[in-house]
Amino acid sequence: MRFLETCGRHWYQLHIEAQSELEQLKRRYERLSLLYHVGNVIHSTLDAQEALQLIVNEAVRVMRATSGSVVLINPTTDFLEIQAAKGLPANAADLKLRVGEGITGWVARVGKPARVGDVTRDPRYIMLQRGVRSELAVPLEVNGEVRGVLNVDSDAANAFSADDQELLEALAVQAARVIHNTWLYEQLRLKARLFEALANVSRIINSTLNLDDALKVVTA
């Protein structure tokens, strides 16, 4: 009888462990599928806003978060500016935080992730909306420099796990690629406009013998 009871407990424990491993595999598969999907969208669109919004939407969905955002550092003002968001109040963009302010600002300054299980106990936290209990934020690095933060919040305490942090860091890599490609595209666009302007100036100067007219074109 005791032997049967021991065998029963053993098989039950094996069943529980197998179920746990299966759940872990399912979560890993879901996350890999998410990264694959996000990567495909990023490479299929030139719309940076669309790609960043997708990353925020998927991060909030998969992590069962209440809200999320992508913020970039404005190099001129040193303010954090929201580029894409989900679940935040309509006036969220009006809140201006500098690098170093709030949990998001701290991540932007030190370049390290922050996983806070209870924001009410963290002196760094600055309230953007009521009801938030936990926060997870990871840096966005472009060419080795922190240029922003990918952030999710939850109204539940201790809502985010180490696995969630790992996934958000992977999504941050995708977001950083979007930002980098956007900046490259903008630089190329400005160079193209410059070359076009120089070509127009050269053409007009070569077609006129009037110095005043040529100088006006150059000034314009």
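Refer to the structure presented above.
What you see is a predicted model, and the numbers here were worked out from it, not measured in a lab.

Caption draft 1: Summary view of the overall build of the protein. Broken down by element type, the protein carries five helices and six strands. Along the protein, from the amino end to the carboxyl end, the secondary structure elements read α-α-β-β-β-α-β-β-β-α-α. When each of the 220 residues of the protein is scored for burial, the buried share is 35%. Restricting the contact set of the protein to residue pairs at least 6 apart, pairs at least 24 apart contribute 52%. Of the roughly 14100 Å² of accessible surface on the protein, 54% is carried by carbon and sulfur atoms.

Caption draft 2: View of a nonpolar patch on the surface. On the surface, L95, I126 and L128 cluster together into a nonpolar patch covering about 200 Å² of accessible area. Position of L95 relative to the elements: it lies in the loop between strand 2 (79-86) and strand 3 (97-98). A relative accessible area of 34% means that L95 is categorised as partly exposed.

Caption draft 3: Local environment of the environment of I82. With respect to the element layout, I82 can be found in strand 2. Since its relative accessible area comes to 31%, I82 is described here as partly exposed. With 13 residues separating them along the chain, I82 and L95 place their C-alpha atoms 9.5 Å apart. Sequence-distant contacts of I82, defined by excluding residues within four places in its chain, comprise V70, V71, L88, A92 and A93.

Caption draft 4: Representation of the nonpolar core in the model. Of all hydrophobic cores here, the largest spans 28 residues; its most connected members are L52, M63, L140, L150, V152, L168 and L171. Those elements giving two or more residues to this core turn out to be helix 2 (48-62), strand 1 (67-73), strand 5 (134-142), strand 6 (145-154) and helix 4 (162-207). Ignoring sequence-local partners within four residues, the contact set of L150 consists of I55, V56, S69, V70, L136, A137, V138, L140, L168, L171 and A172.

Caption draft 5: Examining the sheet that holds strand 5 more closely. Taken in spatial order, the six strands line up as 3-2-1-6-5-4 in an open sheet, and their pairing is antiparallel. Of all the strands in the sheet, the pair left with one neighbour each is strand 3 and strand 4 (114-116). The strands touched by helix 3 (residues 102-110) within the sheet are strand 1, strand 2, strand 3, strand 4, strand 5 and strand 6, with strand 6 carrying the most contacts at an inclination of about 150°.

Caption draft 6: Focus on the side chain of S67. The topology assignment puts S67 in strand 1. When near neighbours in sequence (up to four residues on either side) are disregarded, S67 contacts V60, K86, G87, L88, Q129, N151, V152 and D153.

Caption draft 7: Local environment of the packing of aromatic side chains. As enumerated under the stated definition, the model contains zero aromatic pairs in all. Its guanidinium or amino end placed over the ring of F79, R98 lies 4.2 Å from that ring's centre, counting from NZ or CZ. Just above the ring of W106 sits the side chain of R124; from NZ or CZ to the centre is 4.5 Å.

Caption draft 8: Expanded view of the environment of V149. For V149, the location among the structural elements is in strand 6. Judged by relative accessible area, which is 0%, V149 ranks as buried. The spacing of V149 and V70 is 79 residues in sequence and 5.9 Å in space, taken between C-alpha atoms. Leaving out residues up to four positions away in the same chain, V149 has contacts with S69, V70, V71, T104, V107, A108, A137, V138, P139 and L140.

Caption draft 9: Here's a closer look at the pattern of salt bridges. Enumeration according to the criterion identifies five salt bridges in this entry. Between R61 and E58 there is a salt bridge, with the nearest N and O atoms lying 2.8 Å from each other. In this pair, R61 and E58 both sit in helix 2, three residues apart, roughly one turn of the helix. A salt bridge links R147 to E145, with the shortest nitrogen-to-oxygen separation between them at 3.3 Å.

Each value, and the rule that gives it
- Residues numbered from 1 in each chain as written.
- Predicted model: local features only at pLDDT ≥ 70, side-chain atom pairs only at ≥ 80, totals over all residues.
- Heavy atoms only, no water.
- Helix = DSSP H or I, 4+ residues; strand = E, 2+ residues; numbered from the N terminus.
- Buried < 20%, exposed > 50% of the residue type's maximum accessible area, 1.4 Å probe, protein only.
- Contact = heavy atoms within 4.5 Å.
- Areas by Shrake-Rupley, 256 points an atom, 1.4 Å probe, with all protein chains shown as cover.
- Patch = residues over 30% accessible without salt bridge, like charges linked within 9 Å, V, L, I, M, F, W, Y side chains within 5 Å.
- Salt bridge = Lys/Arg side-chain N within 4 Å of Asp/Glu carboxyl O.
- Core = buried A, V, L, I, M, F, W, Y, C linked by side-chain atoms within 4.5 Å.
- Pairing = 2+ DSSP bridges.
- Axes fitted to C-alpha atoms, helices over the stretch in contact; angles between N-to-C directions.
- Phe/Tyr/Trp six-rings, centres within 6.5 Å; stacked < 30°, edge-to-face > 60°.
- Lys NZ or Arg CZ within 6 Å of the ring centre and 35° of its normal.

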